[in-house]
Amino acid sequence: SRPAPPSDPPAPPSAAPAPTYRPCEPAVATATRAPVAALRGRMPRRRRCAVSLLLALVACAGLAPAAATARSIVVAGGDSSAQLVDVATGRVAARLELGSQTRGAVVAPDGSLGYVSTVNRVVAIDLATNRVVGRAATAPRITALALSPDGARLYAARSGAVEVIDTATMTVARVIQLGRSRPDALAVSADGTRAVVLLDAKRVGVLDLAAGRLLRRVPLAGATGVAFGPSGPRAWVVTIGDPTPPR
């Protein structure tokens, strides 16, 4: 009998297409007629987009009073500009060139001003005219911004410290020392007496703003964002994975 002809070798499996991810802005703040918490955090890029979107929805829908009407979104996109987006149309109303990389963004409680951090300063923007109206010189690399409930004090986190800026004069009035840390998110309580700052990937810090000092460090692994509610002393921290420290 004749031997069977050799069978064709199996075709190699086709490679699965590589996943793609859209870039997402490091910091977004919404201008309203009432306070809105700004949330942001450090995390792997592919997770940051989804979580940032979730946090933005929480800030706009859950923490702001129902009567608040958003007018503008201030975006610090990581390049050298700040974008002002009109909420009603979804279009960029203005793009302001600020000269160096932007990182943090926050909006005044009454929605009149937006603040954006660059490499070594914080810029105040009039949201009615879309013009820069003030600048505060700071130490390098401000990573997060938060405002007091009355808008009088702007808290700017950087490596090892939080700088307290008087918004009337746009000058640094105080520096709160944090020790060895790399802050990445910051929030102020509704009564303006406390703040919570993400010190690094494993700890958050509680600040006494009246005394200008770090009260305590709390072990909390995977923290990426923080916010206070519209009233009360409770802070909410977003984490990735199990935040419980190992025993």
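In case you missed it, the structure is sitting above this.
Residues numbered from 1 in each chain as written. Predicted model: local features only at pLDDT ≥ 70, side-chain atom pairs only at ≥ 80, totals over all residues. Heavy atoms only, no water.

A. Inspection of the sheet that holds strand β11 (residues 161-166) at higher detail. Reading across the sheet, the 4 strands line up as β9-β10-β11-β12 and stay open at both edges, with antiparallel pairing between neighbours. Edge positions in the sheet fall to β9 (144-147) and β12 (171-177), since each of these pairs with one other strand and no more. Direction aside, the axes of adjacent strands within the sheet are offset by 25° on average. The pairing of strand β10 (residues 153-158) with β11 spans 6 bridges and is antiparallel. Following the sheet pairing, Ala157 is matched in β11 by Val162. (Pairing = 2+ DSSP bridges. Helix = DSSP H or I, 4+ residues; strand = E, 2+ residues; numbered from the N terminus. Axes fitted to C-alpha atoms, helices over the stretch in contact; angles between N-to-C directions.)

B. Structural view of the nonpolar core. Membership of the largest hydrophobic core comes to 16 residues, with the highest contact counts inside it found for Tyr155, Val162, Leu178, Leu186, Leu207 and Leu209. Of all elements in the fold, only β9, β10, β11, β13 (186-188) and β14 (194-198) reach the threshold of two or more residues within this core. (Core = buried A, V, L, I, M, F, W, Y, C linked by side-chain atoms within 4.5 Å. Buried < 20%, exposed > 50% of the residue type's maximum accessible area, 1.4 Å probe, protein only.)

C. Geometry of the sheet that holds strand β5 (residues 105-107). The antiparallel open sheet is built from 4 strands, whose spatial order is β5-β6-β7-β8. Each of the sheet's edge strands pairs with one partner strand only, and the pair in question is β5 and β8 (131-137). Averaged over neighbouring strand pairs, the angle between their axes works out to 20° when direction is ignored.

D. Just the pairing of strand β6 (residues 113-117), in detail. Of all 5 residues in β6, 4 are buried; the element is thus mostly enclosed. Here 3 bridges tie β5 to β6, and the two strands are oriented antiparallel to one another. If you follow Ala105 over to β6, its bridge partner there is Val116. The hairpin formed by β5 and β6 contains 5 residues between the paired strands, and Gly111 there has a positive phi angle of roughly 75°. Relative to strand β7 (residues 121-126), β6 is paired through 5 bridges, and the arrangement is antiparallel. The residue of β7 that forms the bridge with Val116 is Val123. Two successive antiparallel strands, β6 and β7, enclose a turn made up of 3 residues.

E. Representation of the pairing of β11 in the model. Judged by how many residues are buried, β11 sits mostly within the fold: 5 of 6 residues are covered. Between β10 and β11, which pair antiparallel in sequence order, lie 2 residues; one of them, Gly160, sits at a positive phi of approximately 85°. As judged from the 6 bridges shared by β11 and β12, these two strands associate in the antiparallel manner. Considered in β12, the bridge of Val164 is made with Arg174. Linking two consecutive strands that pair antiparallel, namely β11 and β12, is a turn of 4 residues; a positive phi of about 55° is found at Met170 within it.

F. Seen up close, the environment of Ala221. Summarising the element assignment, Ala221 is placed in the loop between β16 (213-219) and β17 (223-228). Here Ala221 falls in the partly exposed class, since its relative accessible area comes to 31%. Each C-alpha atom of the pair Ala221 and Thr239 lies 7.3 Å from the other, and the pair is 18 residues apart in sequence.

G. Highlighting the environment of Arg141. Locating Arg141 in the fold gives a position in the loop between β8 and β9. Separated by 16 residues in the primary sequence, Arg141 and Ala157 place their C-alpha atoms 8.6 Å from one another. With sequence-adjacent residues up to four places away left out, Arg141 is seen in contact with Gln101, Val119, Ala157 and Arg158. Side-chain polar atoms of Arg141 contact the side chain of Gln101, separated by 3.3 Å. (Contact = heavy atoms within 4.5 Å. Polar contact = N/O pair within 3.5 Å; in protein donor to acceptor, adjacent residues only side chain to side chain.)

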